[in-house]
Amino acid sequence: MNQPSFPASNAIIYLTYGAFLVLGTAIAWRMRKQSKQDFLSSNGTQSAFPLALNFIASALGAGILFSYPELATITGVQGVIVYALASSLPMLVFGALGPIIRRKCPEGFVLTEWTRQRYGTVTMLYLSFMTLVTLFLYMVAELSALGQVVTALTGLDSLPVIIVECVITTIYTSLGGFKISFLTDVVQGGMVVGLIVIATITIGAKTEIKRELVDSSHLLEPSLLGWQLLYILPVAVLTNDFFLSSFWLRTFSSKSDKDLWIGVSVAMVVILCILTLVGCSGLIAAWSGAWPGDPEQEGSLAFFLLLQQLPNWVVCIVLVMVVSLSTAAFDSLQSAMVSSASNDLFRNRLNIWYIRAMVVLIIIPVVVVALRASSILQIYLISDLLSAATIPVLCLGLSDRLYWWRGFEVVVGGLGGILTVFIFGAIYYNDAEQGAQLLLIRSGLYANDWSAFGAFVAAPVGGVVWGFGALALRLSFQYVKAKIRRERFDSLDRPRMTRTASDSDRPDAAVVASSTAGKFF
């Protein structure tokens, strides 16, 4: 590869980090007198355009340079389009559900707060655990991707770069909280869009496509995996986005429902374009002869093999883009973890610096695991399975008609969905050990069988089945209990509706069922 020299690579990376450190601390200094609530959230303060840039910066990360080109080399144009649509369209869900949840829970700023109000503390803690695990996995994936990209582009040791990113993002998010993450993401999101446009134009102008390779690659033809991904990816990405507090913090921060809809719509279009362009780099690498190379290289390296044909200055632009992408994603994950932990575990009563210290301690194992993790996609898939099992049964409670749906059904359904994946794997492989390995997607998403597809069917379907089984069990128990005590069985009675907002005349005051809200059983 036409790598920049070591001094040039170090200068580009650390000057970019330095610029973000100066930017973040300068903004934090101006906001040093903000309240604890402002530190954790920014409800009702942001307009459409900054929201769009924030959703863009939070949705992207360095890992896209591995996963999207790799999928392109396996499933061709079909896979690129499906993956890009599956990753971008879920942004619209926040525009659709965000206003509903905000009206039901106007004082909240993360999904778990609505969960506590609707299902009770036990279910909230269950969802909070899943959320924090997801944030942990995403932090691991982001740092792992950053390290692999830096090594591939420059040949530098990735550990110092990873440590510097952790230190810098920790400094300015500790000083300014969520607002700092939001404002720096505006800058970083704008930078990423501009840099990707430049890189795209350069790749298009400097790369020569060979017609014979286009025909022999068969990447224009549909494939079995491509059809499977039409189901797998939307389910995986859509449900997993619910676990990302960074998205919910931005959803609650919108000034109005209109600003939210405009913001997520613009973000969806831009993310779709960016991911399609990044995915097409895998196709271009194959059609130009850069991939698979000699000796043959993995598809995850297709983008970097393509860069070998381009001038050094293009690599420098990509390097700045990667640092910007990774920093934007990582500071969003950090601020989301602080806000989630403070709200869910301590009800915002613990001093924020203690929580910040806990997150700093968590970053240590994140770095250790990131240095050992090799498959970025597998990390995401583990989190996707957890969310696919839990989110469908959780979202049933958004309907006022299902007022009888309780936290017991959500927890049993979520855990049951995970168990169903194991049962499916054990039956499919006729081996309990391989069934357990399916929970970790050991064979990856691109296995030449139906294992991954079956797992992502088993998780949500099993979750819903177990949830309704839990409903039947709970109602049966409560019916027998009422008969023994000679009491009226009232578990299916429609509850009395009351407003929970302090000012009952407000049009956005949350209306909840007083006799069921917050009940686990």
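Residues numbered from 1 in each chain as written. Predicted model: local features only at pLDDT ≥ 70, side-chain atom pairs only at ≥ 80, totals over all residues. Heavy atoms only, no water.

### Details of the overall build of the chain
What the chain contains, in helices and strands, is 20 helices and two strands. Its C-alpha radius of gyration of 24 Å places the chain within 12% of the 24 Å reference for a compact globule of 521 residues. Its C-alpha atoms put the chain at 80 × 60 × 40 Å along the principal axes. Out of the 521 residues belonging to the chain, those deemed buried represent 56%. Look at the contacts in the chain between residues 6 or more apart in sequence, and 83% of them connect residues 24 or more apart. (Helix = DSSP H or I, 4+ residues; strand = E, 2+ residues; numbered from the N terminus. Rg over C-alpha atoms; globule rule 2.2 N^0.38 Å. Buried < 20%, exposed > 50% of the residue type's maximum accessible area, 1.4 Å probe, protein only. Contact = heavy atoms within 4.5 Å.)

### Some remarks on the packing of aromatic side chains
Here the structure, examined in full by the defined rule, presents 21 aromatic pairs. For the pair phenylalanine 94 and phenylalanine 247, a centre-to-centre distance of 5.3 Å together with 55° between the ring planes defines the contact as tilted. You can see phenylalanine 94 sitting in helix H5 (residues 91-104) and its partner phenylalanine 247 sitting in helix H12 (residues 245-252), a full 153 residues away along the chain. The exposure classification of phenylalanine 94 matches that of phenylalanine 247, with both residues buried. Residues tryptophan 114 and tyrosine 119 carry aromatic rings whose centres are separated by 5.8 Å and whose planes lie at 80° to one another, so their mutual orientation is edge-to-face. (Phe/Tyr/Trp six-rings, centres within 6.5 Å; stacked < 30°, edge-to-face > 60°.)

### What about the pattern of salt bridges?
Tallying each qualifying case throughout the model produces nine salt bridges. Of the charged contacts in the structure, one is a salt bridge between arginine 102 and aspartate 257, with a shortest N-O distance of 2.8 Å. Taken together, the residues arginine 102 in helix H5 and aspartate 257 in helix H13 (residues 257-288) connect sequence positions 155 residues apart. Of the residues examined, arginine 102 reaches a relative accessible area of 14% and is grouped as buried. (Salt bridge = Lys/Arg side-chain N within 4 Å of Asp/Glu carboxyl O.)

### Quick word on the side chain of serine 9
Relative to the elements of secondary structure, serine 9 occurs in helix H1 (residues 6-30). A polar atom in the side chain of serine 9 sits 3.5 Å from the backbone oxygen of proline 4. When near neighbours in sequence (up to four residues on either side) are disregarded, serine 9 contacts Pro4, Thr154, Leu156 and Leu319. (Polar contact = N/O pair within 3.5 Å; in protein donor to acceptor, adjacent residues only side chain to side chain.)

### Regarding the packing of helix H9 (residues 178-206) against H13
Put simply, H9 and H13 touch, their axes get as near as 11 Å, and they point 30° apart. Both H9 and H13 take part in a crossing whose hand is left-handed. For the pair formed by H9 and H13, the contact residues are Val193, Ile196, Thr200 and Ile203 on the first element and Val270, Ile274, Leu277 and Ile284 on the second. A class-by-class count of the residues in the contact of H9 with H13 yields seven nonpolar, one polar and no charged. (Axes fitted to C-alpha atoms, helices over the stretch in contact; angles between N-to-C directions. Left-handed = near helix turned anticlockwise from the far one by under 90°. Nonpolar A, V, L, I, M, F, W, Y, C, P; charged D, E, K, R; others polar.)

### Digging into the environment of leucine 402
Structurally, the position occupied by leucine 402 is in the loop between helix H17 (376-395) and helix H18 (407-429). Apart from residues lying up to four places away in sequence, leucine 402 is in contact with Arg118 and Leu396.

### Comments concerning the environment of alanine 62
Structurally, alanine 62 can be placed in the loop between helix H3 (48-59) and helix H4 (64-88). The class of alanine 62 is buried, set by a relative accessible area of 0%. Note: C-alpha distance between alanine 62 and glutamate 142 (80 residues apart in sequence) is 6.4 Å. Among all residues touching alanine 62, those that are not within four sequence positions of it are Glu142, Ala145, Leu146, Val149, Val322, Leu325 and Ser326.

### Some thoughts on a nonpolar patch on the surface
There is a patch of nonpolar side chains on the surface, built from Leu159, Ile163, Val167, Ile171, Leu175, Trp353 and Leu371 and spanning about 600 Å² of accessible area. Of all the elements in the fold, those that place two or more residues in the nonpolar patch are helix H8 (158-176) and helix H16 (352-372). Here the nonpolar patch gets five residues from one element, more than from any other, and that element is H8. With respect to the helices, strands and loops of the structure, isoleucine 163 is situated in helix H8. (Patch = residues over 30% accessible without salt bridge, like charges linked within 9 Å, V, L, I, M, F, W, Y side chains within 5 Å. Areas by Shrake-Rupley, 256 points an atom, 1.4 Å probe, with all protein chains shown as cover.)

### Looking at the domain arrangement of the chain
What the domain assignment reports for the chain is domain 1 (6-372) and domain 2 (378-488). Opposite the 35 residues of domain 1 that make contact, domain 2 presents 36 residues. Seen at the junction of domain 1 and domain 2, the total is one salt bridge. Residue lysine 104 pairs with aspartate 400 through a salt bridge whose shortest N-O separation is 2.9 Å. Top element by residues in the side of domain 1 that touches domain 2 is helix H11 (residues 224-241). It accounts for 11 residues. Looking at the side of domain 1 that touches domain 2 residue by residue, the class counts come to 25 nonpolar, seven polar and three charged. (Domains from an automatic or database assignment.)

### Side note on the state of the cysteines
Applying the stated rule across the entire model yields zero disulfides. In this structure cysteine 105 is not part of a disulfide, and its nearest cysteine sulfur, from cysteine 395, lies 14 Å away. When its relative accessible area of 4% is taken as the criterion, cysteine 105 is described as buried. (Disulfide = S-S within 2.5 Å.)

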